[in-house]
Amino acid sequence: MVKVTYVIMAGGKGERLWPLVGKDRPKVCLAPDGKRSLLQATIDRLKPIWPRADWLIVTTKGQAQAVQAQVPAKLKHRVLVEPAIRNTAACIALAAMSIREPQRVMVVVPADHWIEDAAAFQRAVRRAIQAA
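Each residue is numbered by its place in its chain's sequence as written, counting from 1. Totals for whole chains, interfaces and linings use every residue, but because this is a predicted model, local features are given only for residues with pLDDT of at least 70 and side-chain atom pairs only at 80 or more, for both listing and counting. Hydrogens and water molecules were not included; the side-chain quantities draw on all heavy atoms of the structure.

**Concerning the overall build of the chain**
- Secondary structure summary: the chain contains four helices and four strands in total.
- Segments assigned H or I by DSSP are reported as helices when at least four residues long, segments assigned E as strands when at least two residues long, and all are numbered from the N terminus. Listed N to C, the secondary structure of the chain is β-α-β-α-β-α-β-α in terms of helices and strands.
- Computation of the radius of gyration draws on C-alpha atoms alone. For the globule rule, the value is 2.2 Å times the number of residues to the power 0.38. Relative to the compact-globule value of 14 Å for 132 residues, the chain shows a C-alpha radius of gyration of 14 Å, a close match.
- Based on the C-alpha atoms only, the size of the chain along its principal axes is roughly 45 × 35 × 25 Å.

Below is the structure:
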């Protein structure tokens, strides 16, 4: 059985979305559909793909509290706070170092994307996991 860890990148300043975002409201906490935040939608999209997957939600110190408030209780202990903001590559490297299982498949996704066709996304990710 393939072991999978979802890594959700939930950092980013969202400067282009000011004044909708700010220190207390990161862009991943916005709810474009008025129902779920971008982060919550990302989690919901990933859940059915590989039900036994582990999770890491990587964020920044300044956004950790807001991100924690958006994740389900069972994932709150899976929030990883970057020691310093260093962008995408460092975020992925931190996650990989935290996993420490070379045979594990990492599925890395941003938390700030809006995906209309969730079923197509899920099929594509499932195929990618199987191919990996």
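**A look at the pattern of salt bridges**
- The salt bridge criterion pairs a side-chain nitrogen of Lys or Arg with a carboxyl oxygen of Asp or Glu, the two atoms within 4 Å. Enumeration according to the criterion identifies six salt bridges in this entry.
- Residue K3 is joined to E101 by a salt bridge in which the shortest nitrogen-to-oxygen separation is 3.7 Å. With K3 in the segment before strand 1 (4-9) and E101 in the loop between helix 3 (87-99) and strand 4 (105-110), the pair connects residues that are 98 residues apart, well separated along the chain.
- For every residue, the accessible area obtained with a 1.4 Å probe (protein chains only) is divided by the maximum for its type, and the residue is called buried under 20%, exposed over 50%, and partly exposed between those limits. By relative accessible area, which is 41% here, K3 ends up partly exposed.
- On the basis of relative accessible area, E101 is assigned to the partly exposed category, the value being 27%.
- A salt bridge links K27 to D112; its shortest N-O distance comes to 2.8 Å. One end of the pair, K27, is in the loop between strand 1 and helix 1 (38-46); the other, D112, is in the loop between strand 4 and helix 4 (118-131), with 85 residues separating them in the sequence.
- Classification of K27 by relative accessible area gives buried; the value is 14%.

**Notes on the packing of aromatic side chains**
- Between rings of Phe, Tyr and Trp, where Trp is taken as its six-membered ring, a pair exists when centres lie within 6.5 Å; planes separated by under 30 degrees are stacked, by over 60 edge-to-face, and by other angles tilted. The tally for this structure, following the rule as stated, stands at one aromatic pair.
- Only when the NZ of Lys or the CZ of Arg is both within 6 Å of the ring centre and within 35 degrees of the ring normal is a charge said to sit over the ring. Of note, R45 hangs over the ring of F121, and the distance from its end group to the ring centre comes to 5.6 Å.

**Thoughts on the environment of L39**
- Inspection of the secondary structure assignment puts L39 in helix 1.
- The sequence separation of L39 and K61 amounts to 22 residues, and the corresponding C-alpha distance is 17 Å.
- Contacts are assigned to residue pairs with any non-hydrogen atoms lying within 4.5 Å of each other. Apart from residues no more than four positions distant in its own chain, L39 is found in contact with I8, A10, V28, I57, V67, Q70, V71 and A111.

**Looking at the nonpolar core**
- What we call a nonpolar core is a set of buried Ala, Val, Leu, Ile, Met, Phe, Trp, Tyr and Cys residues that are connected through their side-chain atoms within 4.5 Å. If you look at the biggest cluster of nonpolar residues, it comprises 26 residues, and the most contacted ones within it are Y6, I8, L39 and I57.
- The set of elements that each furnish at least two residues to this core consists of strand 1, helix 1, strand 2 (54-59), helix 2 (64-70), strand 4 and helix 4.
- If we skip the residues at most four places from it in the chain, I8 touches L39, T42, I43, L46, W55, L56, I57, V58, V109 and A111.

**Some words on the state of the cysteines**
- Here, two cysteine sulfur atoms that lie within 2.5 Å of each other are counted as a disulfide. As enumerated under the stated definition, the model contains zero disulfides in all.
- A disulfide-free cysteine, C29 has its sulfur positioned 15 Å from the sulfur of C91, the nearest such atom.
- Assessed through its relative accessible area of 11%, C29 is described here as buried.
- On the accessibility criterion, C91 (6% relative accessible area) is buried.

**Points about helix 3**
- A helix is expected to span 1.5 Å multiplied by its residue count minus one. For helix 3, which comprises 13 residues, the first-to-last C-alpha distance of 19 Å matches the rise-based estimate of 18 Å (1.5 Å per residue) to within 8%.
- Among the structural elements, strand 1, strand 2, strand 3 (79-81) and strand 4 are those in contact with the buried residues of helix 3.
- The positive-phi residue at the C-terminal boundary of helix 3 is R100, with phi of around 60°.

**Here's the deal with the sheet that holds strand 4**
- Between any two strands, at least two bridges found by DSSP are needed for them to pair. Pairing in this open sheet of four strands is parallel, and the strands run 3-2-1-4 from one edge to the other. Each edge of the sheet is formed by a strand with only one pairing partner; in this case those strands are strand 3 and strand 4. The mean angle between the axes of side-by-side strands here comes to 25°, regardless of whether they run parallel or antiparallel.
- The pairing of strand 1 with strand 2 spans five bridges and is classified as parallel. Among the inter-strand pairings, Y6 is bridged to a residue of strand 2, identified as W55.
- Helix axes are fitted to C-alpha atoms over the stretch in contact, other axes to C-alpha atoms as well, and angles between N-to-C directions run from 0 to 180 degrees. In the packing of helix 1 onto the sheet, the strands contacted are strand 1, strand 2 and strand 4, and the crossing angle to strand 1 comes to about 165°.

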